[in-house]
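Tertiary structure, described
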Amino acid sequence: MDALAHAVPWLGKRHPRAAGWLVIVLALAAPLIAAYFGRSWVRILDFALLYMLLALGLNLVVGFAGLLDLGYIAFYAVGAYTWAFLASPHFGVHLPFWLVLPLGAGFAALAGIILGTPVLRLRGDYLAIVTLGFGEIVRIFLNNLNHPVNITNGPQGINALDSLSLFGWDLAGTLRLGDFKVHSLYLYYYVFLLCVAGSIVFIRRLQISRIGRAWAAMRDDELAAKAIGINVRNMKLLAFALGATFGGVAGGLFGAFQGFVSPESFSLMESIAVLTMVVFGGMGNIVGAVVGALILTALPELLRYLALPVQEALFHRVVLDPEVLRMLLLSLAMIFMMLWRPGGLIPARARYARPELLGGETR
Amino acid sequence: MHTNPAAPLLQVDDIRVAYGGIQALKGVSLELYAGEMVCLIGANGAGKTTTLNAIAGMLPLAGGRIAYAGDDIGALPAHRRVRRGIALVPEGRGIFTRLTVEENLRMGAYARDDADAIETDLDRVYTLLPRIRERLAQVAGTLSGGEQQMLAIGRALLSRPRLLLLDEPSMGLAPQVVEKIFEVVQTVRDDGVTVLLVEQNAHLALAFASRGYVMESGRITLSGSGRALLADPSVRAAYLGE
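Treat the numbers as computed from the prediction; the structure is a model and nothing was measured. Residue indices follow the written sequence of each chain, beginning from 1 at its first position. As they are written, the chains are lettered A onward and the ligands numbered 1 onward, keeping that order. Whole-chain, interface and lining totals are the exception, using all residues; otherwise, since this is a predicted model, local features are given only for residues with pLDDT of at least 70 and side-chain atom pairs are given and counted only at 80 or more. With hydrogens and water stripped out, all remaining heavy atoms of the structure feed into the side-chain values.

Overview of the packing of helix α12 (residues 268–281) of chain A against helix α14 (residues 322–340) of chain A
Residues and elements named next belong to chain A.
- Where α12 meets α14, the axes come as close as 11 Å, and the angle between the chain directions of the two elements is 30°. Accordingly, the angle class assigned to the pair α12 and α14 is roughly parallel. The handedness of the crossing between α12 and α14 comes out as left-handed. Counted together, Met269, Glu270, Ala273, Thr276, Val279 and Phe280 of α12 and Arg326, Met327, Leu330, Ala333, Met334, Met337 and Met338 of α14 form the full contact between these two elements.
- Taken together, the residues of the contact of α12 with α14 break down into ten nonpolar, one polar and two charged. To define axes, lines are fitted to C-alpha atoms, for helices over the stretch in contact only, and angles between the resulting N-to-C directions are given on a 0 to 180 degree scale. Strands here are runs of E lasting at least two residues and helices are runs of H or I lasting at least four, both read from the DSSP assignment and numbered beginning at the N terminus. These descriptions rest on fixed angle ranges, namely under 35 degrees for roughly parallel, over 145 for roughly antiparallel, 65 to 115 for roughly perpendicular, and the rest for oblique. The hand of a helix crossing depends on one turn: near helix anticlockwise from the far one by less than a right angle means left-handed, and clockwise means right-handed. In this description, contact between two residues means that some pair of their heavy atoms is separated by no more than 4.5 Å. Three residue categories are used. Nonpolar comprises Ala, Val, Leu, Ile, Met, Phe, Trp, Tyr, Cys and Pro, charged comprises Asp, Glu, Lys and Arg, and polar comprises the others, including Gly.

Below is the structure:
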């Protein structure tokens, strides 16, 4: 609750309780407000929630443990393809979500350990390059594993994935409450919101736990962390595995929501976009990751809606493709952030200096 | 843990360490008896820090033996050695810069689970380092160099060590500050902690330590009491600038 309050600029400091409630009410009402501007905005909100899950998971690896991971989207891919393999006509398997989602998370965690093991001794730039390579390897595998035996269906991707069905209640359909119809997009929104809320609570507890403190120490000084008795190897593997788990869950949800997966969705640019969200929001800060994901998902879309008409009006034709504008916007966001708020929108340091954390050790 | 009082607490026997193809330690042997303060001096690159890091378990041995309290610990990972009572204050202090001072101190007790005793030890560290106590809520990266060194020592003490390995506590600090730090180290030694100290400042180190070892390119070339080494003409010429 108090953590939520930090997302609200002015009110958060003065009336944290009120600010917390404000965030909750806004989160619950968001799709209704968005619907006013058109249903596509609800869809964008759904995606923003998925990106929040990704940003939360990556923040765990990069922000908490200090391991720069440029191939994070690979775990998203593992989760999404797990869903595609186990819940689609592709192999004719249709397992329920409560099996597929944990399996996807598990495979992603395994992939995290597979990535983590060889890079234990690498740091900084070297780690970034190897993880980047890992992300690309996963994507290239997905692209090419369609022959001699067709596993991934190659660049065409896999179609007609099962939607999320919660114990017989299919989220892809429209929910009828009497005369009132609730569109699938809203249902997904609340399911995703629940996942994000759960993740925030979990990660928050993790952060102030023994593990979280071990990560913070390791991030600041690895040798000193070893010198006070932290098993740095295990802590790194745990960070990779846990971070990947969030990617895996988000990937599964993405597959179910989108109904279609292809290697294209898991490019290097996606890894960088998620990393940008984390850095922009404030590395090592849970609320920062959430706010970063929201802003950097919504802003480019907003721009897309504005850019086309504006360009038409000015030049009578489209000069810059909206997709180009998205990258431009991400880059600009980073530049302005470095200039004005090097710690991110909501810097993490202030949080660490909070007295409530000090009591953590004795409990 | 009672061991034979005549046997050394730490016995380093002919250890070798290599970085890639380069031999950093070419057979180093030294020993520390419980309650002693011993210093290791030598020029840059002689292998002093490597020796400390090898004892703390930060580096794999390419040969030789390290016996501590009667057990061979040469293959034990660093985090296990901390639990046995070996604490390292690394070169450059190794402060967790983004955590607060109190968080840093408490992290020192990471390997322990005796919560009450940790509180007692915290109080003792506060008494020992009053400057640190005034800054508990401050982010550690904003401390001065001397305060950071004090904090690093305090953090190491919170693991309740029997053997404290100190790597260049005087580095980059003003003489008055260095003196204060040495006073603290001496108090720690008086409380019964065995200390192995690596120093560039040979004069000071030899004055405080009961014994000393001199290292040169990966080997121990000389050893003796602090006083004897201070009087040794070759030591005076090489390390005391005379």
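From this point, things continue past the structure.
Describing the interface of chain A and chain B
- On the chain B side, the residues contacting the 25 residues of chain A number 26 residues.
- Accessible area that two parts lose when put together, with a 1.4 Å probe and added across both, is what the buried area reports. A buried area of about 2,600 Å², summed over both sides, lies between chain A and chain B, and 64% of it is on carbon and sulfur atoms.
- For this analysis, a salt bridge means a side-chain nitrogen from Lys or Arg found within 4 Å of a carboxyl oxygen belonging to Asp or Glu. At the junction of chain A and chain B, the tally comes to one salt bridge.
- Between B:Arg98 and A:Asp220 there is a salt bridge whose closest N-O contact spans 2.9 Å.

Structural notes on the pairing of strand β7 (residues 163–167) of chain B
Residue and element names in this part refer to chain B.
- Only protein chains enter the accessibility calculation, which uses a 1.4 Å probe; a residue whose area is less than 20% of its type maximum is buried, one above 50% is exposed, and one in between is partly exposed. With five of five residues buried, β7 lies mostly within the body of the structure.
- Burial of β7 is two-sided: the residues Leu163, Leu165 and Asp167 facing one way and the residues Leu164 and Leu166 facing the other way are all buried.
- One ladder, built from five bridges, connects β7 with strand β8 (residues 194–199); its direction is parallel. What sits directly across from leucine 163, in β8, is threonine 194.
- Look down the strands so they point away from you; if the path from the first strand over the helix to the second goes clockwise, the crossover is right-handed. Of the crossover connections in this fold, the one passing from β7 over helix α7 (residues 175–190) to the parallel β8 is right-handed. In short, DSSP must find at least two bridges between two strands for them to pair.

A closer look at the packing of helix α6 (residues 145–157) of chain B against α7(B)
Residues and elements named next belong to chain B.
- Where α6 contacts α7, the two axes come as close as 10 Å, and the packing angle between them is 10°. Taken as axis vectors, α6 and α7 run roughly parallel relative to one another. Contacts between α6 and α7 involve Gly146, Gln149, Met150, Ile153 and Leu157 from the former and Val177, Lys180, Ile181, Val184, Val185 and Val188 from the latter.

Examining unusual backbone geometry
- The amide bond that connects A:His147 to the next residue, A:Pro148, takes the cis arrangement and shows omega of 15°.
- Relative to the helices and strands, A:Pro148 resides in the loop between α7 (124–144) and β3 (165–166).
- Located in the positive-phi region is A:Asn153, a residue other than glycine, with phi close to 65°.
- Note that A:Asn153 resides in the loop between α7 and β3.
- Of note in the backbone geometry, B:Arg160 takes a positive phi value of approximately 50° without being a glycine.
- For B:Arg160, the position within the fold is in the loop between α6 and β7.
- B:Arg160 sits in the partly exposed class, given a relative accessible area of 43%.

Some details on the sheet that holds strand β10 (residues 219–225) of chain B
All names here are of chain B.
- Spatially, the six strands line up as an open sheet ordered β6-β7-β8-β3-β9-β10, and their pairing is mixed. Each edge of the sheet is formed by a strand with only one pairing partner; in this case those strands are β6 (86–89) and β10. The average undirected angle you get between the axes of adjacent strands in this sheet is 15°.
- As paired elements, β6 and β7 share four bridges and run parallel to each other. Of the residues in β7, the one forming a bridge with isoleucine 86 is leucine 163.
- Along the sheet, α6 makes contact with β6 and β7, crossing β6 at roughly 170°.

A closer look at the domain arrangement of chain A
All names here are of chain A.
- Domains assigned within chain A are domain 1 (1–36) and domain 2 (39–268).
- Computed over C-alpha atoms, the centres of domain 1 and domain 2 are 26 Å apart.
- Listed as interface residues are eight residues of domain 1 and, on the opposing side, nine residues of domain 2.
- Between domain 1 and domain 2, the buried area comes to about 720 Å², and carbon and sulfur atoms account for 75% of it.
- When the buried area of domain 1 at its contact with domain 2 is split by residue, Pro31, Ala34 and Ala35 rank highest and sum to 51% of it.
- Applying the counting criterion to the domain 1 and domain 2 interface returns zero salt bridges.
- Pairs of N or O atoms are called polar contacts if they sit within 3.5 Å, as long as, within protein, a hydrogen donor faces a hydrogen acceptor (for residues adjacent in sequence, only side-chain-to-side-chain pairs). At the boundary of domain 1 and domain 2, one finds two residue pairs in polar contact (both at pLDDT 80 or more). In this entry, domain limits derive from an automatic or database-based domain assignment.

With respect to the nonpolar core
- In these notes, a set of buried Ala, Val, Leu, Ile, Met, Phe, Trp, Tyr and Cys residues joined through side-chain atoms within 4.5 Å is what counts as a nonpolar core. Counting 109 residues, the largest nonpolar core has A:Trp83, A:Leu164, A:Trp215, A:Ile230 and A:Phe266 as the members making the most contacts within it.
- Top element by residues in this core is helix α4 (residues 39–64) of chain A. It accounts for 18 residues.
- In this structure A:Trp215 touches A:Leu60, A:Phe64, A:Ala65, A:Leu206, A:Met235, A:Leu238, A:Ala239 and A:Leu242, once residues within four positions along its chain are discounted.
- Within the second largest apolar cluster, 49 residues are counted, among which are B:Ala152, B:Val178, B:Val193 and B:Leu204.

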